[in-house]
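# Working through the structure, step by step
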Amino acid sequence: MANQLDEMNGPTLEQGRDVNVIAKQIPIKVGWGSKFFEVMLWVLGIIPGVIFLFMKIKAGNYLRQLEQKIQHDASQIDNYLEQRVMILTNAAKLLDKAIDLDKETMVQIAAYRGGNHNDDEARNEIASKIDSVGTKINLAFENYPDLKAHNEIADVLSQNSYLQKEITAARDVYNDTVNAWNRDINAWPTKMIVAAKQGYTTRIPFATTSEIKEQARGVFF
């Protein structure tokens, strides 16, 4: 049998294709076959039915614990984002007389510390705004090279760079946990049946903005 995917003879997509995260939560559903499966276990005897019942209890406990881990991982991102907000706010104050920062954007970012940002969409939105301000501050150093000699500003830049790396690492951990969740709630029969009964849906991993993607395609050197 020939290879179904033949990298030597194509077809190939020469123009390339961008990849995007689909922001859609898919409800987990099971059909009549799953119900029939559960009924048949009880028909075959008490022991198979009881065993599967305990398997479902174990699966339910696991999914609830995994959901808490998702919250924990999301909280880690929030912690680093809040620290970065503080760092960029300090940088903005130091650079206030030298450059024209977007004051409205800074106000929106400052509101992050006191607002409700528990859902994935809000977290991604505020993260993109923080990245945007960080980009403006970095551009300021290109336009005002004398500022680099300022010790406090240099320290702020160093802290900002460190936090950005921590945020990236925390996002990777978060996405790994989300991937585990999306995979496990689709694992038939036990976890998928439990997920369907609980009304669980898939979760959306972190996705960067189109603005950041466009910047990544630019020439840096």
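In what follows, the structure referred to is the one given above.
In this report, we go over the structure that sits alongside the text. (Residues numbered from 1 in each chain as written. Predicted model: local features only at pLDDT ≥ 70, side-chain atom pairs only at ≥ 80, totals over all residues. Heavy atoms only, no water.)

Attention now goes to the overall build of the protein. A tally of helices and strands in the protein yields 7 helices and 0 strands. Ordered by position from N to C terminus, the α and β elements of the protein give α-α-α-α-α-α-α. In the protein, which comprises 221 residues, the share counted as buried stands at 34%. Of all intrachain contacts in the protein linking residues separated by at least 6 positions in sequence, the fraction that spans at least 24 positions is 78%. Surface accessibility of the protein: about 14700 Å² in total, with carbon and sulfur atoms responsible for 56%. (Helix = DSSP H or I, 4+ residues; strand = E, 2+ residues; numbered from the N terminus. Buried < 20%, exposed > 50% of the residue type's maximum accessible area, 1.4 Å probe, protein only. Contact = heavy atoms within 4.5 Å. Areas by Shrake-Rupley, 256 points an atom, 1.4 Å probe, with all protein chains shown as cover.)

Within the structure shown, the criterion is met by 6 salt bridges. Ionic pairing is found between K197 and E38, a salt bridge with its closest N-O pair at 3.5 Å. One end of the pair, K197, is in helix α6 (residues 190-198); the other, E38, is in helix α1 (residues 32-44), and 159 residues separate them in sequence. Residue classification places K197 among the exposed residues on the basis of a relative accessible area of 54%. Close ionic contact of R183 with D184 constitutes a salt bridge, the shortest N to O distance being 3.6 Å. Salt bridges here are not isolated pairs; linked through shared partners, they connect E38, K56 and K197. (Salt bridge = Lys/Arg side-chain N within 4 Å of Asp/Glu carboxyl O.)

Below, the discussion takes up the environment of L157. Residue position: L157 is located in helix α5 (residues 151-184). Take L157: its relative accessible area is 25%, and that puts it in the partly exposed class.

Let us now look at unusual backbone geometry. Cis geometry marks the peptide bond from W188 to P189; its omega dihedral reads 10°. Relative to the elements of secondary structure, P189 occurs in the loop between α5 and α6.

Attention now moves to a nonpolar patch on the surface. On the surface, W32, F36, V39, M40, V43 and L44 cluster together into a nonpolar patch covering about 680 Å² of accessible area. With respect to the helices and strands, the residue M40 is situated in helix α1. Using a relative accessible area of 30% as the deciding quantity, one classes M40 as partly exposed. (Patch = residues over 30% accessible without salt bridge, like charges linked within 9 Å, V, L, I, M, F, W, Y side chains within 5 Å.)

Our next topic: the nonpolar core. Most often, soluble globular proteins keep nonpolar side chains buried together rather than apart. By size, the foremost hydrophobic cluster in this structure holds 29 residues, and its most contacted members are L63, L81, I130, Y174, W181, I185 and A195. For this core, the element with the most residues is helix α2 (residues 46-95), which contributes 12 residues. (Core = buried A, V, L, I, M, F, W, Y, C linked by side-chain atoms within 4.5 Å.)

Look at α1: 18 Å from first C-alpha to last across 13 residues, which is about the 18 Å you get at 1.5 Å a residue. Of all the positions in α1, only S34, E38 and L41 are classed as buried. In an axial view of α1, the angular spread of the buried residues amounts to 55°, which keeps them on one side of the axis. Opposite the packed face of α1, turned more than 90 degrees from it, sit the exposed residues W32, K35, V43 and L44. (Expected span 1.5 Å × (residues − 1). Arc of directions from axis to C-beta.)

Without other data, these values stay purely geometric and don't point to any function.
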